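Chain residues, written in single-letter form:
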Amino acid sequence: MWWDERVSARFRRNLQPTLTYWSVFFSFGLCIAFLGPTLLDLRCQTQSSLSQITWVFFSQQFCLLLGSCLGGVFKRTLSQSLFALFASSLAISLVFAIIPLCHNVVVLAVVMAVAGLAMGCIDTISNMQLVKIYQKDSAIFLQALHFFVGFGALLSPLIADPFLSDTNCILSNSTANASSNLPHIRKSLVPHHPGNLSHYDLPMKGMVVTRVSYAFWIMALINLPVPIAVFFLLYKERMVPCFNSSSRPLLSADELAMETRPTEKDDLSAAVQRPHAAGGHDDLFSCCQSKNFRGASYTYFAVHITGALVLFMTDGIVGEYSGFIYSYAVEEPLSVVHKVAGYLPSLFWGFITLGRLISIPVSYRMKPATMVFINVVGVLITFLLLLIFSYSVVFLFVGTASLGLFLSSTFPSMLAYTEDILQYKGCATTVLVTGAGIGEMVLQLLVGSIIHDQGSYSFLVCGMIFGGLAFTFYAFLLFFHRMYPKPSSDMDDASPDKPAVMDDTGQYQR
C-alpha cells in the first residue's frame, strides 16, 4: 500500500467509524447541490415567483452556517456526536421525501432550513471526529472525507436531470414565450446560487406539469443507508438504550473509557468514547467564553483567526465562481453560447471532486502546510492568467478546471495544518468551518452586487483580489506558526493542559 503499515493498521482499527463519517459527508454533498437545477420545477410546484423561490437558497445557506456553529455542542461525548449525526442524516432523507409534498414556498423554505441545520452539524462533527481519531495522521482521511462531499454534489444533479422540465412547468397562455428563457434561467441557478433573475417573468398560475418528485424520492432512497450505517455504529458501541445487552458494564461507555486503559485487542471505536475535554474542539459559543482565554498567547488567537480568514476567502471563491461563471461566460466580451457555458459549473465541480481524489494519496507524502501553499498560489496565478487571457474561451475552460483542482484540497489541508499547530486543543475545527461557511455566503452576495453595478469583468477582478487576500492571510498564518509556543517535552502527564494524544496502537491516552 502507498501508506505505511502504522497508518494502515490505524485505519483498519477504525474502519467502521471512518466509513460512517465518510458516508455521512456523502449525504452533505447530495443535499448541497440539488437545489440549483431543481429550483424552477420547485417554483412550479409551489406556484411562486422567481424572487420568492430564491429565498429557499437563503434559508438553506443561513441555517447551514448556523448548524456549523452549533455542531460543536455535540462534541462532548462520542454518543452525542453519533446521535447528532444519526438525526442529521435521517433528517436529510426525510427532507428529500417531504419536498415533493411542499406546495407552499414558505413551507419549502422551512424544510430547507431544517436540511441546512442538518448539513451544518454534519460538516462540523464529521471533521471534528476524524481529527480526534487520527490527529497527526488526519490529513489523508480529511481529504477522503471531502472527496465524498464532492461525489455527492456531482451525483444529485445527475439524478435530477432526467426529471427536469424541458419547458415551463406551469401551463398558461404565456408559456410559449416564457419557455424560451428557461435554459438560461436554469443555468443561472447552478449549482446553488440564485443570481439576478428579477427581470425574468414566468407564469405563476396554471396547470402544474412536473416530474421532479421522482428525483427527490430517488435521492431519499439513496441516502437512506447513511443513517442506517450511523445506527449500526451506535449499536456496536452499545449506545442504543433498547438494544443494550444484559452484560453491559456497570459504568457507561464514556465513563469506562476514562477509568480504564483499553487493551490492544479492544476496538478503538470503543476506546474513544470518553469525553475529549482536553482536546478543545468546543462549539463556537464555548470557544468564546473568557475562561478559554486565560493564559493563552496572542498567537493562539492569531492562528485561529488567520486560518479562518484563509478559508473565508477560498471557500468564498468556490461559492462565487460556481455561482457566477455561467453568467460571466454568456456576457460580452466572451458571449459563449448558453448550452456551452452551462458546462462550466459542472467542469468546475468535476475538477474539485477529481482534485480531492488525487489529494488522498498526495496528502500522505506532502505536508498540509505545503499543500495549502500550492493551493493559494495556484488560485492566485490562475486568476491572473484568466485576467490576461480574458478574451479566450478556451482558456476560460482551462482556467476553470485549474481553479477547481487548486481549490479542491484547501479546506481539509488547512484544517489538518491548523489543528496540528494548536496540538489539537484549540477550537480550530469549529472556527474554520464557521469561517468557511460565512465566506461562501458573504462573498456570493458581495460579488453579485459588484457584477450588477460594475459589469461582468469585475467577476475576475474580485477573484484575483480574494486570491491575493487568501495568500496574504496564509503568509500571516506561517508567521504566527513560527511564533506559536512549542509543546514542552517535560510536561506533566497529568496536566489538564496536555492534549489528548494517541499512541502507536491508535488509542487515546491522557
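Report on the accompanying structure. (Residues numbered from 1 in each chain as written. Predicted model: local features only at pLDDT ≥ 70, side-chain atom pairs only at ≥ 80, totals over all residues. Heavy atoms only, no water.)

### Description of the packing of aromatic side chains
Each aromatic ring pair is summarised here by two numbers: the centre-to-centre distance and the angle between the ring planes. Applicable threshold: Pairing of aromatic side chains requires ring centres within 6.5 Å, counting the rings of Phe and Tyr and the six-membered ring of Trp. Pairs whose planes differ by under 30 degrees are stacked, by over 60 edge-to-face, and all others tilted. Every helix listed is a DSSP run of H or I at least four residues long, and every strand listed is a run of E at least two residues long, numbered separately from the N terminus.
In total, this model carries 27 aromatic pairs according to the counting rule given. Taking 6.1 Å as the distance between ring centres and 35 degrees as the angle between the ring planes, the aromatic pair formed by Phe163 and Tyr214 counts as tilted. Taken together, the residues Phe163 in the loop between helix H8 (138-160) and strand S1 (170-171) and Tyr214 in helix H11 (residues 212-223) connect sequence positions 51 residues apart. Where Tyr321 meets Phe459, the ring centres are 5.3 Å apart and the plane angle is 35 degrees; that geometry is what we call tilted. In this pair, Tyr321 is assigned in helix H16 (residues 298-330) and Phe459 in helix H23 (residues 458-483), connecting sequence segments 138 residues apart. Three or more aromatic residues joined by ring pairs make a cluster, and in this case those are Phe11, Trp22, Phe26, Tyr134, Phe141, Phe147, Phe148 and Phe151.

### Notes on unusual backbone geometry
This is how the line gets drawn: Accessibility here uses a 1.4 Å probe with only protein chains present; expressed as a share of the type maximum, an area under 20% marks a residue as buried, one over 50% as exposed, and anything in between as partly exposed.
With omega at 10 degrees, the peptide bond leading from Glu332 into Pro333 counts as cis. Relative to the helices and strands, Pro333 resides in the loop between H16 and helix H17 (338-341). Of note, the phi angle at Gln47 is positive, near 50 degrees, even though the residue is not glycine. Mapped onto the elements, Gln47 comes out in the loop between helix H3 (35-46) and helix H4 (50-53). Overall, the relative accessible area of 28% leaves Gln47 in the partly exposed class. One non-glycine residue, Ser335, lies in positive phi territory at about 50 degrees. Within the secondary structure, Ser335 sits in the loop between H16 and H17. The class for Ser335 is partly exposed, based on a relative accessible area of 42%.

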